[in-house]
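Here are the chains, one letter per residue:
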Amino acid sequence: MVHRHGRSARRAALAALGALVLAALPSTVSAEPNPTAEPNPTVETASGAARTLGADRPSAAMLEALRRDLGLTSAQASARPANEAEAGTRAGVLRNALGHRFAGAWVRGAASEELNVATTDSKDVAAIEAQGAKAVVVTRSLADLRAAKEKLDAAAAARDTADTPLWYVDVPANRLVVQARAVSAGAAFVKAAGVDDQDVTILVSTVRPRLLQDITGGDAYYINDTARCSVGFSVTEDAQQGFVTAGHCGDRGDTTTGFDQTAQGTFQESVFPGRDMAWVGTDDTWTATPGVRAQDGQEVQVTGSVEALVGASVCRSGSTTGWHCGTIQQHDTSVSYAEGTVDGVTRTTVCAEPGDSGGPYVAGAQAQGVTSGGSGDCTRGGTTFYQPVNPILADFGLTLTTEFAQTAAPDPQDDAEDAWAPGRVYPAGATVTRDGVRYQCLQTHQAQSVWAPAGTPALWQRLRQPAPWSPMGLTRTGW
């Protein structure tokens, strides 16, 4: 881990690592769209963001898998998790500053040393570069691309998508992509959705993703003594312990047994298709832990659920193929399996095989999602999709089990409707109140008691307080 202690130390460190590690965050953003952004002197440096998210202490198992699966050197593997944690904070600051002109962010480079941030206005270039990022000027905002994708989602609900099994927003390309068996099938889908074909790339492929039923994730579990799936992440609902997994693994009320074939629990909720998410409430003999099984008996300890950027590295655990890593290609992807369409999954380059469904994906120490499906295998390589974990936590009212005890409650003085509270899932851009101060979320995550906004500038940006209303020097009572 490289710590920044002045300019000379930083230059020496960058030289030693071949410029693998990004420079520290500037203290302000000069873009004009967000006049309430506080020029906060506590904006976190790169090493501080990595420390908050646990990326400064990657496990030996994760570093080994990153070296093996991404072809990295030891220095690149060590630098990459910290760079990605820091890049997420930078991107969040810029997302809030650019507003409707924001067109996405992604990392590049063997060690994710290059953060790219896109905008629809060339006037934003200076503000983006001031944050140490590369500015990319494009024609379509991220909001516009997502709105166009929603048209494809709606069209898919009314037609057979066997010949167009995949569609998503390609943020670096600033376009929609439709994977189809033939150009004509893709073009017909785009036309039916009413989307401008100038905004869409049709990718021809005969591969159709499949569900990875029969699986595990970390550890195996069995459904109704027949099918096998993977444990995702440990969670709690009040006093009830359990774990999240893929929705296609079982229906509400189905019973499960653990890896040792002893009684384990019951599916409490399950959604598939549409989403691919479920959770299992376990018996008293099973204890929720923050561990994710890696390799050689090692575990990765989960510390939160901060969503990683496109291009970031991500690792997966599964009972069939074990521990493998790759990179995030796109968020908010729609995939049409033979069993039904699932929206909002994340596409990755991590390999997987039947038996790996439901298993956990982690980026550094941050939970990302559970295995849904994919194509290919771990011999020739492939593509996988995971159901993001934050929607599972939010929709089912679950709390992720982490290294940190969830002890803090909302400040009783914060009686505002949007008072910050542990356990809530906050999307990037959300605003909250804590101790009478307003903050804006930089990265999507589930709030934790140790991550109060004032102490986590990696996740929250303080907003300026409005000046008292006093036209012409008069107080309100003077009118």
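Residues numbered from 1 in each chain as written. Predicted model: local features only at pLDDT ≥ 70, side-chain atom pairs only at ≥ 80, totals over all residues. Heavy atoms only, no water.

1. Section: the overall build of the chain
- Counting its secondary structure elements, the chain contains eight helices and 29 strands.
- Per-residue burial for the chain yields a buried fraction of 54% across its 479 residues.
- Long-range contacts, defined as pairs at least 24 residues apart, comprise 61% of the intrachain contacts of the chain with a sequence gap of at least 6.
- When the accessible surface of the chain is summed, it comes to about 19,300 Å², and 50% of that surface belongs to carbon and sulfur atoms. (Helix = DSSP H or I, 4+ residues; strand = E, 2+ residues; numbered from the N terminus. Buried < 20%, exposed > 50% of the residue type's maximum accessible area, 1.4 Å probe, protein only. Contact = heavy atoms within 4.5 Å. Areas by Shrake-Rupley, 256 points an atom, 1.4 Å probe, with all protein chains shown as cover.)

2. Overview of the sheet that holds strand E1 (residues 102–108)
- Read across the sheet, three strands follow the order E1-E2-E3 without closing on themselves; strand pairing throughout is mixed. Both edges of this open sheet fall to E1 and strand E3 (134–137), since each of them pairs with a single strand only. Pairwise comparison of adjacent strand axes, ignoring direction, gives a mean angle of 25° for this sheet.
- Across the sheet, helix H4 (residues 74–98) lies against E1 and strand E2 (114–119), angled at about 15° from E2, the strand it touches most. (Pairing = 2+ DSSP bridges. Axes fitted to C-alpha atoms, helices over the stretch in contact; angles between N-to-C directions.)

3. Here we look at H4
- With 25 residues, H4 should reach 36 Å at 1.5 Å per residue; the first-to-last C-alpha distance of 36 Å fits that figure.
- For H4, the principal kink sits at Arg 80 and spans about 30°; a proline, Pro 81, occurs within the next four residues.
- The element H4 is extensively covered by neighbouring structure, given that 21 of its 25 residues are classed as buried.
- Immediately downstream of H4, the backbone of Gly 99 shows phi near 60°, a positive value. (Expected span 1.5 Å × (residues − 1). Bend = angle between axes of the 7 residues up to and from the residue.)

4. Here we look at the sheet that holds strand E26 (residues 431–434)
- Taken in spatial order, the three strands of this open sheet run E26-E27-E29, and their pairing is antiparallel. Bordering the open sheet on either side are E26 and strand E29 (460–462), each of which pairs with just one other strand. Geometrically, the sheet is characterised by an average inter-axis angle of 35° between neighbouring strands, direction not taken into account.
- Relative to E29, strand E27 (residues 437–441) runs antiparallel, the two sharing three bridges. Across the sheet, Tyr 439 pairs through a bridge with Arg 462, a residue of E29.

5. Digging into the nonpolar core
- Judged by nonpolar contacts, the single largest core of 43 residues is most densely connected at Leu 115, Val 117, Leu 152 and Val 195.
- Counting 28 residues, the second-largest nonpolar core is a separate cluster that includes Leu 66, Ala 294, Val 300 and Leu 400. (Core = buried A, V, L, I, M, F, W, Y, C linked by side-chain atoms within 4.5 Å.)

6. Comments concerning the confidence of the model for the chain
- Overall, the prediction assigns the chain a mean pLDDT of 86, with 84% of residues at 70 or greater.
- The low-confidence segment residues 1–33 (pLDDT under 50) makes 69 contacts with residues lying over four places distant or belonging to another chain.
- Within the model, the stretch residues 469–479 combines pLDDT values under 50 with six contacts to residues more than four positions away or in other chains. (pLDDT = per-residue confidence, 0-100.)

7. Some remarks on the state of the cysteines
- Enumeration over the complete set of coordinates arrives at three disulfides.
- Here Cys 229 pairs with Cys 249 through a disulfide, and the sulfurs are 2.0 Å apart. Handedness here is read from the sign of the S-S torsion; for Cys 229 and Cys 249, about -85°, the answer is left-handed. Taken as a pair, Cys 229 in strand E10 (residues 227–230) and Cys 249 in the loop between strand E12 (240–245) and strand E13 (255–257) lie far apart in primary sequence, 20 residues in all. Considered together, Cys 229 and Cys 249 belong to a single accessibility category, that of buried residues.
- Sequence-ordered numbering of the disulfide-bonded cysteines in the chain gives the connectivity 1-2, 3-4, 5-6. (Disulfide = S-S within 2.5 Å.)

8. Side note on unusual backbone geometry
- Cis geometry is adopted by the peptide bond preceding Pro 273, which originates at Phe 272 and carries an omega value of -5°.
- Locating Pro 273 in the fold gives a position in the loop between strand E14 (263–271) and strand E15 (277–282).
- The backbone of Asp 225 sits at a positive phi, close to 60°, despite the residue not being glycine.
- Among the structural elements, Asp 225 can be located in the loop between strand E9 (219–223) and E10.
- The phi dihedral of Asp 435 is positive, around 55°, even though this residue is not glycine.
- Here Asp 435 is to be found in the loop between E26 and E27.
- Residue class for Asp 435 comes out partly exposed when judged on its relative accessible area of 48%.

9. Quick look at the side chain of Thr 119
- Looking at the element boundaries, Thr 119 is found in strand E2.
- Residue Thr 119 is classed as buried on the basis of its relative accessible area of 0%.
- Polar side-chain contacts of Thr 119 include one of 2.6 Å to the side chain of Asp 124.
- With near-sequence residues (within four places) excluded, Thr 119 lies in contact with Leu 98, Arg 101, Ala 103, Asp 124, Ile 128, Val 136, Val 137 and Val 138. (Polar contact = N/O pair within 3.5 Å; in protein donor to acceptor, adjacent residues only side chain to side chain.)

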